[in-house]
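As a plain string of letters, each chain reads:
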Amino acid sequence: MTRPLPDDLLKVPHRRDVPFARLTTLGVGGLCRWLFEPTTEGEAQAFVRACAREGLPWRVLGGGSNLVVLGDIEMPVLRLALPKTVLREGSQMTAPASHGHIALAEAAAAAGLSGLEFASGIPGSLGGAIRMNAGAYGREWVDVLVRYRFLTPEGELVEKAPESGEFRYRWSFLTGGRVVLSATAQLAEGDPTAIRAQVAEYRAKRGTSQPLSKRNAGCIFKNPPGQSAGRLIDQTGLKGLRVGDAEVSPEHANFLVNHGHATAAEFAELMDQVRTRVRERHGVELEPEVEIWREHP
């Protein structure tokens, strides 16, 4: 940062110069110069309020599974470290935003609650999943979400039910300084054996159709209306296209993988090549599904 951070912000638990290779599933990017990890909602609120008061730009990081970082990030980064406790009330489950997304789906299955099977193969944190309205197999989070808590850009705490227009395909209004704190899902009681079997089936499908053995950020591009981004990339003949250690996966064309030492520049170049060649071949402009971080938002 070009100016010192305020004292009340520095009271929030934090670390310096953490490589994004350790904070993201893709493993590219530079250093996170200021990583703030509040362990309570109060600490998270103090972070947001301090940044708002000082006019400091900042970012929020979840599980890092849907993120491509292109270089060092000098501004403060908020990553919640709330206690990973799950509360069950009847057929509803509430969990903090920092809870693992897959672990929550597995906890629901173990409790004999159906409705989160679709989430069983989607990595990252619950907060990130809510923020992007994550989904699979014809289901998405807004289908089960009944209540959520978040901080406004000014640091005010809001708890509410979802409303029309707040969530759509791979998007929510929870951007621009809003921070998800927790979410409650309305599930349905069912047979634990059958629910676990469905979870296992979905996990197996992902294991056979996606490059889970290599570092990746999930699906890179959104599906255009009525089309499949992976199919368009495949039909363009781009499977196996490689820039350095970054490659279009031969297993699933909408996954770009890091073979171990890909740089941010290589990954950015590969994304640009894929978008350009799909546009030239099909006349379709692919829109990133992943979040892309550069120093200036």
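For clarity, every value in this text was computed on a predicted model and none was experimentally measured.

Chemist: Is there a simple way to explain the packing of aromatic side chains in this structure?
Modeler: Within a pair of aromatic rings, the relevant descriptors are the distance that separates the centres and the angle that separates the planes. In total, this model carries eight aromatic pairs according to the counting rule given. Each ring, one from Trp34 and one from Phe36, has its centre 6.2 Å from the other, and the planes form 15°; the classification is stacked. On the accessibility criterion, Trp34 (13% relative accessible area) is buried. For the ring pair Tyr148 and Phe150, a centre distance of 5.6 Å and an interplane angle of 25° mean the geometry is stacked. The same class applies to Tyr148 and to Phe150, which are both buried. Among the aromatic residues, those joined into a ring-pair cluster are Trp34, Phe36, Phe47 and Trp58.

Chemist: Explain the environment of Leu151 to me, please; I cannot follow it from the model alone.
Modeler: Its place among the elements puts Leu151 in strand S11 (residues 145-151). Counting along the chain gives 107 residues from Leu151 to Ala44, while the straight-line C-alpha distance between them is 8.5 Å.

Chemist: Would you take a moment to explain the pattern of salt bridges for this structure?
Modeler: A pair can form between side chains of opposite charge whenever their charged atoms are brought close. Across all of its chains, the model carries 23 salt bridges by this definition. We note a salt bridge from Lys160 to Glu166, for which the minimum N-O separation is 2.7 Å. Neither Lys160 nor Glu166 differs from the other in exposure class; each is buried.

Chemist: What is the right way to look at the sheet that holds strand S5 (residues 77-78) in this model?
Modeler: Pairing between the strands of a sheet comes from backbone hydrogen bonds, and it takes one of two forms, parallel or antiparallel. Spatial ordering of the open sheet is given by S1-S2-S5-S3, a layout of four strands whose pairing is mixed. This sheet does not close on itself; its edge strands, each paired only once, are strand S1 (14-19) and strand S3 (59-60). Of the strand pairs in this sheet, S1 and strand S2 (residues 31-36) are connected by five bridges, and their pairing is antiparallel. From the neighbouring strand, Val18 faces S2, where its bridge partner is Cys32.

Chemist: What am I meant to see in the sheet that holds strand S12 (residues 157-160) here?
Modeler: Strand order in the open sheet made by the five strands is S6-S7-S15-S11-S12, with antiparallel pairing throughout. Two strands bound the open sheet, and with one partner strand each, they are strand S6 (87-89) and S12. In this sheet, adjacent strand axes meet at a mean angle of 15° when their direction is disregarded. In this structure, strand S7 (residues 92-96) lies alongside strand S15 (residues 179-186), joined through five bridges in antiparallel fashion.

Chemist: Explanation requested: the nonpolar core in the structure shown.
Modeler: A general trend in soluble globular proteins is that nonpolar side chains are found buried together. Core analysis: the largest hydrophobic core is formed by 47 residues, its most contacted members being Phe47, Leu116, Ile130 and Trp141. Broken down by secondary-structure element, the contributors of at least two residues to this core are S2, helix H2 (41-54), S7, helix H3 (101-110), helix H4 (126-131), S11 and S15. Those residues in contact with Trp141, other than ones at most four positions away along the chain, are His101, Leu104, Leu116, Phe118, Leu126, Ala129, Ile130, Asn133, Ala134 and Ala185. Counting 25 residues, the second largest nonpolar core, distinct from the first, contains Val28, Ala253, Leu256 and Leu286.

Cut-offs used in this document
- Residues numbered from 1 in each chain as written.
- Predicted model: local features only at pLDDT ≥ 70, side-chain atom pairs only at ≥ 80, totals over all residues.
- Heavy atoms only, no water.
- Phe/Tyr/Trp six-rings, centres within 6.5 Å; stacked < 30°, edge-to-face > 60°.
- Buried < 20%, exposed > 50% of the residue type's maximum accessible area, 1.4 Å probe, protein only.
- Helix = DSSP H or I, 4+ residues; strand = E, 2+ residues; numbered from the N terminus.
- Salt bridge = Lys/Arg side-chain N within 4 Å of Asp/Glu carboxyl O.
- Pairing = 2+ DSSP bridges.
- Axes fitted to C-alpha atoms, helices over the stretch in contact; angles between N-to-C directions.
- Core = buried A, V, L, I, M, F, W, Y, C linked by side-chain atoms within 4.5 Å.
- Contact = heavy atoms within 4.5 Å.

Read these as spatial facts, not as claims about activity.
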